[in-house]
Amino acid sequence: MENMKGTHITNRAKKWLAIGFTAVIASSVFYIPTVAAHGEKAQAAFLRMRTIHWYDMVWSKDTIAVNETYTISGKFRVFEDWPEAVEVPHVSFLNAGQPGPVTTRLTSYINGMFVPRSIGLELGGDYEFEMTMQGRRPGTWHVHTLLNVQGGGPLIGPGKYITITGDMADFENKVTDLTGNTVNLETMATGTVIGWHLFWYVLGIAWIVWWARRPMFLPRYMRVEAGEANDLVTAQDKKVTIGVLVGVLLIVLFGYKSAEEKFPVTIPLQAGLLGTIEPLPVDYNSMVSAKVLKANYRVPGRTITMTVELTNHTDQVLSIGEFNTGGIRFMNANVRSDDTGYPEELLAPEGLEMSQQDIAPGETVVVDISATDAAWEVQRMADVIYDPDSRFAGLIFFIDPEGNEIPIPVGGPLVPTFV
Ligand SMILES: [Cu+2]
């Protein structure tokens, strides 16, 4: 009986082992690596919808050679109803989200201000940004805009595939310093760093070898125990010790002096908050008022619907052209189409439907809007069902007869429907 039970367990273990092994083999054989999500999908949907809204994104190129540059530019709105879970962006940093320095960032600007350091942003403000990137590592890379907020983490913008061709060995990052020298940052001082580290490392090893030539542990231990400790260090040892001590001090002095002579002008690391940047001097919110009366999304589903009360305060007819949330652009094809090569997986060219498209000057209307696309599911906005704050936010773009856009923030409770 015991024996039979033992056999039974062994068989079961073998069976599970076989299943597990097959699964491992199968998954590795059928696994086709795709480069798709890069962190943002895993972030809480309500945080992505209620923090930074990136819009008017333009990528000047999507294929460059090594050393060639391209620019990522656009605007972002810092959402008014900023979530509690993220600190307000009073110390934040404009970044590019990419797998290491596949491109190097030559410049970055917000509202025309050079921003190599952290900056403050105002809630409710619209900002314009531009980054110039230089191709470095060949490959196809998904490059995101990214705002790092101190006390909040990375807020990831839309990502676009950029292909870099050529050979990384050709990459050069030339900079002319204020003393008139042009250096290549890619290789600058590498020899000096390696040289000095190697020198001191070898000296340390030599010091140990000097002592380790002789038996190290047991014989020494026994002689110390026997009260013969002084015999362990010979007169020659003492000479070498003094020689090394003096030598090290002299080399440090020499190194210091020669570095001073070679680089007489040096400055400390430039750091510190660049202060709060004023938002763009445009008050979109005074042009249209939008009040979300209710908003729902289907679970499971690919649609978000909302009923919004809209008032047009301008003296022109405005048309609803787009709803943008979490980087996904739901477009009303009658009014607006994308000509910027916006990332396909985030673009729903005909994703927006509404009960009324145009709003007359001064008119107040209640409009039912529905935004539908696979992106709602693929980008895991539908995962707002798991979030502790079921609220959404986004920008509705109104278009005037001349084609100008007016981005108006909307947001509020987002209630799931299950039937
Ligand atoms: Cu990505």
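Residues numbered from 1 in each chain as written. Predicted model: local features only at pLDDT ≥ 70, side-chain atom pairs only at ≥ 80, totals over all residues. Heavy atoms only, no water.

As annotated in an unreviewed UniProt entry, the protein carries the name Ammonia monooxygenase subunit B and is attributed to Nitrosococcus watsoni.

What follows covers the overall build of the protein. Each helix and strand in the protein was counted, giving six helices and 22 strands. For 419 residues, the compact-globule estimate of 2.2 N^0.38 gives 22 Å, and the protein exceeds it by more than 25% at 32 Å. Viewed in the frame of its principal axes, the protein has a C-alpha envelope of about 100 × 90 × 45 Å. A buried classification covers 36% of the 419 residues belonging to the protein. Within the protein, contacts between residues at least 6 apart in sequence are counted, and of these 69% link residues at least 24 apart. One way to put it: in the protein the 32 positive side-chain charges average out to a point 15 Å from where the 46 negative ones average out. (Helix = DSSP H or I, 4+ residues; strand = E, 2+ residues; numbered from the N terminus. Rg over C-alpha atoms; globule rule 2.2 N^0.38 Å. Buried < 20%, exposed > 50% of the residue type's maximum accessible area, 1.4 Å probe, protein only. Contact = heavy atoms within 4.5 Å. Lys, Arg positive; Asp, Glu negative; His and termini not counted. Charge placed at Lys NZ, Arg CZ, Asp CG, Glu CD.)

What follows concerns the sheet that holds strand E12 (residues 288–298). The five strands lie next to each other as E17-E19-E13-E12-E22, forming an open sheet whose pairing is mixed. Both edges of this open sheet fall to strand E17 (352–354) and strand E22 (415–417), since each of them pairs with a single strand only. On average, each strand axis in the sheet is inclined to that of its neighbour by 30 degrees, with strand direction left out of account. Two strands pair when backbone bridges link them, and E12 and strand E13 (residues 303–312) are joined in this way by nine bridges, in the antiparallel orientation. Paired with Ser289 across the bridge in E13 is Thr311. (Pairing = 2+ DSSP bridges. Axes fitted to C-alpha atoms, helices over the stretch in contact; angles between N-to-C directions.)

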